[in-house]
Every structure is written in C-alpha cells, then in structure tokens.
Amino acid sequence: MRNHRIAVVPGDGIGPEVIDASLEVLAAAETAFGFGTELTRVEAGARHYLRTGELWTPELEEQLRGHDAVLFGAMGDPAVQPGVLERGFILAMRKAFQQAVNLRPVKLYEGVATPIAGLTPERCDLVIVRENTEGAYVGRGSTVHAGTPYAVAVQESVNTRPGIERVVDYSFRLAQQRRKKLTLCHKKNILVEAGNLWQDTVDEVGRRYPDVEVDYVHVDAMCFHLPVAPERFDVVVTDNLFGDIITDLGAVIQGGLGVAASANLNLDGSAPSMFEAIHGSAPDIAGRGWANPVGAVLSTAMCLASLGEREAALAIEAAAVHVLAGLPQLSGPGMGMDTAGVGKEIASLVGAGLPPVPGRSVMEDLAGAGRGK
C-alpha cells in the first residue's frame, strides 16, 4: 500500500481546529482510495515559544526533513510580538527547506458567494505563483536613532537571478499545463532594478516556451483588474511581497480567507513541501467552532496531489465544494454547523463519487508537476 509520512503542525488559535477537521477528511480519503499516512504531530507556535523560547531549531529541521510533506495550521498570538513567530518559524522553514514557490489558486466555486457583482466561476479560475524565499521578506534591515525624531529604518529587498529563474520556469511549465498564458506582476516603472531583473528573466526563460503567451501588469493595476476581470489571467508570477498582497485580494474574490488554500513547494525534492490555508490564527474566535476549515481541507488535498494521490485530491475538492455551496454563510456562527461539523460532512462525501469540480483544478496542476519529496 502507498504510504506517506506527513508532519502536522497545528500551531495557534484556530489552527488546531481546522487541522483536526482536515485530518478527518484525510482519514476518509485513505479508506476510499487505498493509501496510508504516517502522521507526526509537532508542537510549535506561541505557547511552545513562551514556554521554551524555541522557534525553528536544528533538531526540528532534522525531524521534519524526514517527512514527505508538512501540514500547517496557523501561527500567531497577541502574547508574542508580531514578527517573532512569522520570521522565526514560518520564514525559517521556507528558507531551510527551499520552498521556493508559494502556489495559491484563485478559483470561484459554483454556489459560493463573492462580493464581486456578476462574477461567475467560469470567469475566475487562475493560479498565482509567488516567489517564496527572497524579496522584501529576506529578513534583513536596520534602524538607527530608534525612538527619536531622527529614526532611520532601512529594509532590504533581495532578488537573485537563480531565485527568480526557478520560480519563473515553474510558472511557464504550469502555464503549459493550463491555458498557456503567463502574466508577470511587478512594479518595474518604479522598482527599476528588481523589475528589470524579473522582466529579463521572464523574457529569457520564455524563449523555451514559445507556445505560452506572456503579459505584464503593474501590481497596482493588478489590484484593479483582478476583481473586475479575473478571466484575463491564468498563471500570474510575482515577487514575494506583491504575491502576499494580491493573493489575499484573490481570496476575497473567491469567497474569503476561510476557503483559500496554498502550497509552499520545494521544487527539487530535497526537502518536504508545506501546505496551509492562507488565513491567520484568528485568536478572537479560537475555540468557538466558527472557523471555516475548507481552506485547510483544500490545502490537504493539494498535499495529496503533490504526493501522487490525484484521485483522492480531486474527490476531496469535490466534497469540500459540495459542502461549501450549502453553507448559509462562509464563516462565523451563521455557517450552520461548527468547524468540526463541516469537516465531518466533507469526510462523509469523499468516497461518494461526486463529479469533479468544473474547470481546471489545481490538483491536476500539482499532480502533473510531480512535485513533492
């Protein structure tokens, strides 16, 4: 029987709740599709940090490196200063495991409410490829004269040709699988040096993919076009900071942060990839059962697709969308059932033979790319 070793990092706030729901769905998929998983729960996050002072350690890196993938809940707590957990754990993992690509689908599912008037699922079906280890998130900066009227802060953005090229090449290969259109999103009229390096790389790599149409959009223009004309885009490739911003906008368009999934991909199989819903830890609603677990469930499906479990991933997506379309609201007490209940309902449908979701599925994209350790 096929077996996969998966590390599970529930984290803080609503993280454990959505992870538990997704693990119930995972168990149902194992039964229905004949594979197994060996799960290792890893304690990390705010409580662990406050108790031990530990964030990302060499011992934890070695432990996680022995797994095929990582499922991640959420991390963050008001008791810990902003930036400590994000840089000390999440960014540290992405760098240590060279999770070069953050892949975020922006797909409006049938029956899911969107704040964009007149938008239909046929018009909103794209993926955003965000560079995941460089840019403004490289973690370098300094402040002099802090706390005075003369304070000066310097924050670097680092862009390397190898870092850009591996993400751009992945994006072109993804575009070939999909509708053969790639859009570079940057701000090269102002961020001239970085923007030109990105554009030059896209131009050069693009010569290897002559059947892929290439477009360019400034990031501010993207914030206009994405809500009103998402059909313009298929594969969007962008830098770390811009990707962080426009994918949250994409999540709103597709129904909210609770339904948005993502993959942090190691492209060469040298380390595990990590899969997470894009929402935060939401400590204000933790423990109430108000969190929508569909983002975590779809992230689990993306994990399985990357590990070669294509049929299971597509079945989870179909079940999740079926349940999602029947919820009165997409989060909060108005969902009609709590977090665990949504997970149980999805799990009950995984083996029901529901038809696949219409349109191109990111599960197909991940299975076709053959990524994962």
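What you see as residue numbers is a count from 1 along each chain, following the sequence as written. Selection of residues for local features in this predicted model requires a pLDDT of at least 70, selection of side-chain atom pairs for listing and counting requires 80 or more, and totals for whole chains, interfaces and linings are taken over all residues. Water and hydrogen atoms were dropped before computing side-chain values, which therefore reflect all heavy atoms in the structure.

An unreviewed UniProt entry annotates the protein chain as 3-isopropylmalate dehydrogenase of Arthrobacter mangrovi.

### A look at the environment of Leu50
What counts as a helix is a DSSP run of H or I of at least four residues, what counts as a strand is a run of E of at least two, and both are numbered from the N terminus. Residue position: Leu50 is located in helix H2 (residues 46-52). Sequence separation between Leu50 and Val80 is 30 residues; the distance between their C-alpha atoms is 7.8 Å. Here, two residues are considered to be in contact whenever any of their heavy atoms come within 4.5 Å of each other. Residues within four places of Leu50 in sequence aside, it is in contact with Ala79 and Val80.

### Let's talk about the packing of aromatic side chains
Pairing of aromatic side chains requires ring centres within 6.5 Å, counting the rings of Phe and Tyr and the six-membered ring of Trp. Pairs whose planes differ by under 30 degrees are stacked, by over 60 edge-to-face, and all others tilted. Counted under the stated rule, the structure contains four aromatic pairs. On the basis of an interplanar angle of 25° and a centroid distance of 6.3 Å, the ring pair of Phe72 and Phe89 is categorised as stacked. Remark: Phe89 occurs in helix H4 (residues 84-96) and Phe72 occurs in strand S3 (residues 69-74); sequence separation between them is 17 residues. Classification of Phe72 by relative accessible area gives buried; the value is 3%. Members of the aromatic cluster, connected to one another through ring pairs, are Trp56, Phe72, Phe89 and Phe97. Against the face of Trp290 rests Arg288, its NZ or CZ located 4.8 Å from the ring centre. When a residue's accessible area, from a 1.4 Å probe over protein chains only, is under 20% of the maximum for its type it is buried; when over 50% it is exposed; and in between it is partly exposed. Cation placement over rings: the criterion is NZ of Lys or CZ of Arg within 6 Å of the ring centroid and within 35° of the ring normal.

### What about empty space enclosed by the protein?
Using a 1 Å grid laid over the protein atoms alone, points where a 1.4 Å probe fits but cannot get out form a cavity; open sets with protein on both sides within 12 Å along at least 5 of 7 lines form a pocket; any residue with an atom within 4 Å of a point counts as lining. Grid points are joined across faces, edges and corners, and a volume is the space filled by probe spheres set on the points. In this structure the tally under the stated criterion is two cavities of 30 Å³ or more. Here the largest cavity defines a volume of roughly 60 Å³. For the largest cavity, the full set of lining residues is Pro105, Lys107, Tyr109, Gln254, Val259, Ala260, Ala261, Leu298, Met302, Val362 and Met363. Within the residue set of the lining of the largest cavity, elements represented by two or more residues are strand S4 (101-107), helix H9 (294-306) and helix H12 (362-369). Following the grouping adopted for this structure description, the nonpolar residues are Ala, Val, Leu, Ile, Met, Phe, Trp, Tyr, Cys and Pro, the charged ones are Asp, Glu, Lys and Arg, and the polar ones are all others, Gly among them. Considered class by class, the residues forming the lining of the largest cavity number nine nonpolar, one polar and one charged. In this model, the second largest cavity occupies a volume close to 30 Å³.

### Considering the packing of helix H1 (residues 15-33) against H9
Axes here refer to lines fitted to C-alpha atoms; in helices the fit is confined to the stretch in contact. Angles between the N-to-C directions go from 0 to 180 degrees. Relative to each other, H1 and H9 sit at 45°, their axes nearing to 8 Å. By the criterion of interaxial angle, the relationship of H1 to H9 is oblique. Viewed along their axes, H1 and H9 form a crossing whose handedness is right-handed. Each of Val18, Ser22, Val25, Leu26 and Ala29 in H1 lies in contact with H9, whose residues at this interface are Ala296, Val297, Thr300 and Leu304. Looking at the contact of H1 with H9, its residues break down into seven nonpolar, two polar and no charged. When describing relative orientation, an angle under 35 degrees is termed roughly parallel and one over 145 degrees roughly antiparallel, while 65 to 115 degrees is termed roughly perpendicular and anything else oblique. Should the near helix be turned anticlockwise from the far one by less than a right angle, the crossing is termed left-handed; should it be turned clockwise, right-handed.

### Thoughts on the sheet that holds strand S9 (residues 213-218)
The criterion for strand pairing is that DSSP finds at least two bridges linking the strands in question. Reading across the sheet, the 10 strands line up as S2-S1-S3-S12-S11-S4-S5-S10-S8-S9 and stay open at both edges, with mixed pairing between neighbours. Strand pairing shows two members of the sheet lacking a second neighbour, strand S2 (35-41) and S9, which therefore form its edges. On average, each strand axis in the sheet is tilted by 25° relative to the strand beside it, whichever way the strands run. Sheet topology places strand S8 (residues 181-186) next to S9; six bridges connect them, and they run parallel. Across the sheet, residue Thr183 finds its bridge partner in S9, namely Asp215. In the packing of helix H5 (residues 161-177) onto the sheet, the strands contacted are S4, strand S5 (125-131), S8, S9, strand S10 (235-238) and strand S11 (261-265), and the crossing angle to S5 comes to about 165°. Packing of H9 onto the sheet brings it into contact with strand S1 (2-11), S2, S3, S4, S11 and strand S12 (273-277), and relative to S12 it is tilted by some 160°.

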